[in-house]
Amino acid sequence: MKLFSRFLVLALGVSLSQAQNAYLQLIHNVADVVGVSFPYVLDSIDIYLSTDGGTTWTLAVPDFKFRQATPYTPIPANSTTVKAGVAPGNSSGPGDILLQYPVPSFPPNSYNVAVVAGTIDFFGGTANVDLYYYLNARNQALNPSEFDFVVFHGAPDVGNVGIYLAYDRPAGSSAYQPDITLGRYAYTSSYSSLSGDNLVVLDTNTTDPNDIFPTAYYVPDPGSVGVAGQSGVVFASGYVNTPDPAKAFGLYVAL
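In this report, we go over the structure that sits alongside the text. (Residues numbered from 1 in each chain as written. Predicted model: local features only at pLDDT ≥ 70, side-chain atom pairs only at ≥ 80, totals over all residues. Heavy atoms only, no water.)

Turning next to the environment of Pro107. Looking at where Pro107 falls in the secondary structure, it is placed in the loop between β7 (99-102) and β8 (111-121). When the C-alpha atoms of Pro107 and Ala77 are compared, they prove to be 5.5 Å apart, with 30 residues separating the residues in sequence. Setting aside residues no more than four positions away along its own chain, Pro107 makes contact with Ala22, Ala77 and Asn78. (Helix = DSSP H or I, 4+ residues; strand = E, 2+ residues; numbered from the N terminus. Contact = heavy atoms within 4.5 Å.)

This part covers the pattern of salt bridges. One pass over the full model with this rule turns up two salt bridges. Notably, a salt bridge pairs Lys65 with Asp63, separated by 3.4 Å at the nearest N-O pair. Residue class for Lys65 comes out partly exposed when judged on its relative accessible area of 33%. Take Asp63: its relative accessible area is 29%, and that puts it in the partly exposed class. For Asp148, the salt bridge is made with Arg138, and the minimal N-O distance between the two is 2.8 Å. Of this pair, Asp148 sits in strand β10 (residues 147-153) while Arg138 sits in the loop between β9 (126-134) and β10, and the two are ten residues apart along the sequence. (Salt bridge = Lys/Arg side-chain N within 4 Å of Asp/Glu carboxyl O. Buried < 20%, exposed > 50% of the residue type's maximum accessible area, 1.4 Å probe, protein only.)

Glancing now at the environment of Ile180. Positionally, Ile180 belongs in strand β12 (residues 180-182). Note on Ile180: relative accessible area 24%, which makes it partly exposed. Sequence spacing of Ile180 and Val151 is 29 residues, and the spatial spacing of their C-alpha atoms is 9.9 Å.

The strand order β4-β3-β6-β7 describes an open sheet built from four strands, whose pairing is antiparallel. Because the sheet does not close on itself, it has two edges, and the strands there are β4 (58-65) and β7. The sheet shows a mean angle of 20° between the axes of neighbouring strands, direction not considered. Two elements, strand β6 (residues 83-88) and β7, share four bridges in a ladder whose sense is antiparallel. Bridge pairing in β7 places Val86 opposite Leu99. (Pairing = 2+ DSSP bridges. Axes fitted to C-alpha atoms, helices over the stretch in contact; angles between N-to-C directions.)

Honestly, it's all geometry; don't read function into it.
Printed below as a string of structure tokens:
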């Protein structure tokens, strides 16, 4: 059983001045970048932002490590010209951008999350990486004594997973019936709230309810770990089948 206690926050070094802003959190969840140097050195990535459709770029998140997250960061609201660019860590400038993604138009004062997820075929020189958005996210819990979260399934080598909230099960529900079935690179549709200790179990075999993925994750009482009143994204990260411990499957929290 693992202690559910990874709270990773990286401060952004850019401020985009606009009359109206929306807010976006980025989470880096591409396991292939860990410890790989061919053909790109991607132990970390640099995130660039453009507000004019890609003509000019600002380095928004330098040296963005695997499983790190930014705080909510202002970007222009109601804009169709914002783009994000991904470059190798310690890049020399926008000319090193490998992948570009249009950023959706967000309403003013809205909070949104984007997980950078997928796989990179270094030997084939291809990248199946995308930004997966959760729109109208929360920047705090609805109840100041609880912790509110959505779950993102970002493990690239398993399909659907079952999610069990062991202590918050509906009355009469089976211990082997998942509360939520979640597809790869998908979010839960709504927030869950925790007020006390809990176990979260992910099952990678949803066709056999008796075959539970043999790992549970203990969520401490939100008050005891200082997250009461906060919100976050619980993201499944890494490969279920890998000999590399740096890329191994786990559950992490971005506040």
